[in-house]
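Each chain is listed here by its residues.
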Amino acid sequence: PETIRLTNLGELIAGSPVNLERAAAIDGRNSGHMVQGHVDNVGEIIETWPDKESLFFKVKVPKELMKYIVPKGFIAIDGTSLTVCETNVAENWFTFMLVEYTQSHVIIPQKKAGEKLNIEVDVLSKYVARSIEGVTDRLDKIEEVLGMGSSATPG
């Protein structure tokens, strides 16, 4: 049930292309992107445009994912690990681009505006966010005890 709820698989029909990649060996070369294969949610393609041999995509995602998406960070789109180009947190979108080689080896270029993409955000950013939330919760409690809460004025 979770896979159908969080991915675009429920919209596929028999014969729809999907991207499948083998897992990298743990002792193999790693280019810095750590993809688990666990889809967090779907995004919707807002627009696409070419730039010389590259193809750019602008994707809208649920607001709760944007805190994990940063420029030059990585993101997995339909199982392909890519680099984020731009982000707009206020409007909940980000861009990525595909170089010519990648365009010919994945299914993403076949998709058009309005179509859904499976999104997996950076797991390291999730760990950082969780750690910071724990610290900020503790700081808020300390400030409350000391009378330094957000409503307290210095002086």
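Owing to the predicted nature of the structure, the values given are computational and were not obtained by experimental measurement.

A closer look at the side chain of Asp40
Stage number 1. The topology assignment puts Asp40 in the loop between helix H1 (2–6) and strand E1 (41–51).
Stage number 2. On the accessibility criterion, Asp40 (17% relative accessible area) is buried.
Stage number 3. Among residues more than four places away in sequence, those in contact with Asp40 are Leu6, Leu65, Ile119, Glu120, Val121 and Lys126.

Considerations on the pairing of strand E3 (residues 74–77)
Stage number 1. Along E3, one buried face is formed by Phe74 and Ala76 and the opposite face, lined by Ile75 and Ile77, is buried too.
Stage number 2. Note: E3 against strand E4 (residues 80–88), four bridges, orientation antiparallel. Note on E4: the bridge partner recorded for Ile75 is Leu82.
Stage number 3. Linking two consecutive strands that pair antiparallel, namely E3 and E4, is a turn of two residues; a positive phi of about 50° is found at Asp78 within it.

Points about the sheet that holds E4
Stage number 1. Pairing is antiparallel around the closed barrel formed by six strands, whose spatial order is E1-E2-E5-E4-E3-E6. Adjacent strand axes in the sheet meet at a mean angle of 45° when their direction is disregarded.
Stage number 2. Bridging between E1 and strand E2 (residues 54–60) involves seven bridges; their strand directions are antiparallel. Residue pairing in the sheet places Thr48 in a bridge with Phe57 of E2.

Focus on the pattern of salt bridges
Stage number 1. Going through the model one piece at a time under the given rule, you end up with five salt bridges.
Stage number 2. Linking Lys126 and Asp40 is a salt bridge whose minimum nitrogen-to-oxygen distance equals 2.5 Å. Taken as a pair, Lys126 in helix H3 (residues 123–145) and Asp40 in the loop between H1 and E1 lie far apart in primary sequence, 86 residues in all.
Stage number 3. Its salt-bridge partner being Lys67, residue Glu133 comes within 3.2 Å of it at the nearest N-O pair.

What counts and how
- Residues numbered from 1 in each chain as written.
- Predicted model: local features only at pLDDT ≥ 70, side-chain atom pairs only at ≥ 80, totals over all residues.
- Heavy atoms only, no water.
- Helix = DSSP H or I, 4+ residues; strand = E, 2+ residues; numbered from the N terminus.
- Buried < 20%, exposed > 50% of the residue type's maximum accessible area, 1.4 Å probe, protein only.
- Contact = heavy atoms within 4.5 Å.
- Pairing = 2+ DSSP bridges.
- Axes fitted to C-alpha atoms, helices over the stretch in contact; angles between N-to-C directions.
- Salt bridge = Lys/Arg side-chain N within 4 Å of Asp/Glu carboxyl O.

Interpretation note: all reported values are geometric properties and have no functional meaning in isolation.
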